[in-house]
Amino acid sequence: MQNSPGGPGTTETEFTANFQSVVGLEPEQTSRVVNDPTNNPPQTLLIVKKPRAMERHKGGQIFIIGDDADRCLTSWLSGATDTASCMTALQVP
Ligand code: HEM
């Protein structure tokens, strides 16, 4: 399936591209987080620090620590995805 920006649903190609951009940003540290999240918590990663504004981010603060989007991403990185938070975070206000 192709990329389909603005289309009705996310295609497999788009899921794969999203996954690759997340894991490709800091591959070594992402491996440490996924393999041992207790000693390498998700907030050591830019993908968590930037939207929390713990690190300079041109897009500003997108996540508040513990909100649904933050819980979705950090739980996924820790190997126990909080699907309820993910489903709530997906809702457009
Ligand atoms: C309205 C939403 C957002 C806007 C407009 C936005 C905008 C930007 C911009 C302009 C940059 C490049 C400059 C900089 O690093 O400050 C950036 C970098 C980045 N943003 Fe965002 N952002 C948004 C949401 C998010 C979210 C939800 C996440 C994570 C879940 C995120 C993670 C990152 C990361 C990891 C980088 C660094 C990328 C790299 O170094 O290659 N951003 N963002």
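Being a predicted model, the structure only gives us computed values, none of them experimental.

Peer 1: Sorry, what's going on with the nonpolar core here?
Peer 2: Buried together is how nonpolar side chains tend to be arranged in soluble globular proteins. Judged by nonpolar contacts, Val33, Leu45, Val48, Phe63, Leu73 and Leu77 together constitute the single largest core of six residues. The residues contacting Phe63, other than those within four sequence positions of it, are Pro51, Arg52, Ala69, Asp70 and Leu73.

Peer 1: I keep staring at the coordination of the iron atom of the ligand and nothing clicks. Help me out?
Peer 2: Geometry sets the ideal angles at a metal, namely 109.5 degrees for four tetrahedral donors and 90 or 180 degrees for six octahedral donors. A lone protein donor binds the iron atom of the ligand: His57 (NE2), at 2.0 Å. Along the chain, His57 falls in the loop between α3 (46-52) and α4 (68-77).

Peer 1: Is there a simple way to think about the packing of aromatic side chains in this case?
Peer 2: Any two aromatic rings considered together are summarised by their centre-to-centre distance and by the angle between their planes. Applying the stated criterion across every chain yields a total of one aromatic pair. Between Phe19 and Trp76, the aromatic rings sit 6.3 Å apart at their centres with planes inclined by 80 degrees, giving edge-to-face as the arrangement. Separated by 57 residues along the polypeptide, Phe19 in helix α1 (residues 12-25) and Trp76 in helix α4 bring together distant segments of the chain.

Peer 1: I tried to follow the state of the cysteines on my own but got confused; where do I start?
Peer 2: Two cysteines joined by a covalent bond between their sulfur atoms form a disulfide. Taken as a whole and assessed by the stated rule, the structure comprises one disulfide. Each sulfur of the disulfide joining Cys72 and Cys86 lies 2.0 Å from the other. On the sign convention where negative is left-handed, the bridge of Cys72 and Cys86, at about 100 degrees about the S-S bond, is right-handed. Taken together, the residues span a long stretch of sequence, with Cys72 in helix α4 and Cys86 in helix α5 (residues 83-90) at a distance of 14 residues. Note on accessibility: Cys72 and Cys86 belong to one class, buried.

Peer 1: Got a minute to help me understand the site of the ligand in this structure?
Peer 2: By nearness alone, every residue bordering the ligand is listed as Leu25, Leu46, Ile47, Lys50, Pro51, Arg56, His57, Lys58, Gly59, Ile62, Phe63 and Leu73. The contact in question runs from an oxygen atom of the ligand to an N or O atom on the side chain of Lys50, over 2.7 Å. His57 places a side-chain nitrogen or oxygen 2.8 Å from a nitrogen atom of the ligand. Within the shell around the ligand, the residues separate by chemical class into seven nonpolar, two polar and three charged.

Peer 1: Please clarify how the layout of surface pockets should be interpreted in this entry.
Peer 2: Space left empty within the atom packing is revealed by a probe, the size of a water molecule, rolled over the atoms. By volume, the largest pocket amounts to about 610 Å³. Lining the largest pocket are 16 residues; nearest its centre among them are Asn18, Val22, Cys72, Leu73 and Trp76. Taken together, the residues that form the lining of the largest pocket break down as 13 nonpolar, three polar and no charged.

Rules used throughout
- Residues numbered from 1 in each chain as written.
- Predicted model: local features only at pLDDT ≥ 70, side-chain atom pairs only at ≥ 80, totals over all residues.
- Heavy atoms only, no water.
- Core = buried A, V, L, I, M, F, W, Y, C linked by side-chain atoms within 4.5 Å.
- Buried < 20%, exposed > 50% of the residue type's maximum accessible area, 1.4 Å probe, protein only.
- Contact = heavy atoms within 4.5 Å.
- Donors = N, O, S within 2.8 Å, 3.2 Å for Na, K, Ca; no water.
- Helix = DSSP H or I, 4+ residues; strand = E, 2+ residues; numbered from the N terminus.
- Phe/Tyr/Trp six-rings, centres within 6.5 Å; stacked < 30°, edge-to-face > 60°.
- Disulfide = S-S within 2.5 Å.
- Near = heavy atom within 4 Å.
- Polar contact = N/O pair within 3.5 Å; in protein donor to acceptor, adjacent residues only side chain to side chain.
- Nonpolar A, V, L, I, M, F, W, Y, C, P; charged D, E, K, R; others polar.
- 1 Å grid on protein atoms, 1.4 Å probe; cavity = no way out; pocket = protein on both sides within 12 Å on 5 of 7 lines; lining within 4 Å.
- Points joined across faces, edges and corners; volume = space filled by probe spheres on them.

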